[in-house]
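The lines below spell out each chain.
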Amino acid sequence: MTPEFFVYYLPLPATVHGSVRLNDDGTYSVYLNSLDTAEEWRRTIEHELRHIEAGHLYSDKPVWKLELEADGVELPEPEATAPKIYSSLEDLRENFI
Ligand SMILES: [Zn+2]
């Protein structure tokens, strides 16, 4: 059997269930929170596999979008809107809504 996935169990912060990494040799390392339950590990593995299947490890999309996609959330296309522009930190602090 040629290994393709390496699954590690590590104690992670309670809000972090796992992560996936593409290794230099093309294999994947999946990290699971050792403090989670077996059911949470199963859900986390599915989530991480969706990242792989969707090509997220090669994507330059924002991480929050990738996470929603991996959770199966359908995102509507945002309407093109012009950004609000600020000239400095002070300008942003003083004029942000
Ligand atoms: Zn994720």
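Check the entry above for the structure.
Predicted model only: the values in this text are computed from it and were never measured.

Colleague: Which residues make up the overall build of the chain, and what are the values?
Modeller: Broken down by element type, the chain carries three helices and three strands. When the elements of the chain are put in sequence order from the N terminus, they spell out β-β-β-α-α-α. In terms of overall dimensions, the chain has a C-alpha envelope of 60 × 25 × 25 Å along the principal axes. Here the chain, with 97 residues, has 8% of them falling under the buried criterion. The long-range share in the chain, meaning contacts at least 24 apart out of those at least 6 apart in sequence, stands at 26%.

Colleague: How would you explain the sheet that holds strand β1 (residues 5-10) if you had to name every residue and give the values?
Modeller: The three strands lie next to each other as β1-β3-β2, forming an open sheet whose pairing is mixed. Of all the strands in the sheet, just β1 and β2 (18-22) have a single pairing partner and so form its edges. Across the sheet, the axes of successive neighbouring strands diverge by a mean angle of 20°, strand direction being ignored.

Colleague: Give a detailed account of the pairing of strand β3 (residues 28-33), specifying residues and quantitative values.
Modeller: When a strand is regular, its side chains alternate between the sheet's two faces. Here β1 runs beside β3; their pairing, made up of six bridges, is parallel. Its bridge partner lying in β3, Tyr9 is registered against Leu32. Examined bridge by bridge, β2 and β3 share five bridges and lie antiparallel to one another. When the sheet's bridge partners are listed, Val20 is paired in β3 with Val30. Between β2 and the antiparallel strand that follows it, β3, lie five residues; Gly26 among them carries a positive phi value of about 90°.

Basis of the calculations
- Residues numbered from 1 in each chain as written.
- Predicted model: local features only at pLDDT ≥ 70, side-chain atom pairs only at ≥ 80, totals over all residues.
- Helix = DSSP H or I, 4+ residues; strand = E, 2+ residues; numbered from the N terminus.
- Buried ≥ 20, exposed ≤ 12 C-beta atoms within 10 Å, placed from the backbone.
- Contact = placed C-beta atoms within 7 Å.
- Pairing = 2+ DSSP bridges.
- Axes fitted to C-alpha atoms, helices over the stretch in contact; angles between N-to-C directions.

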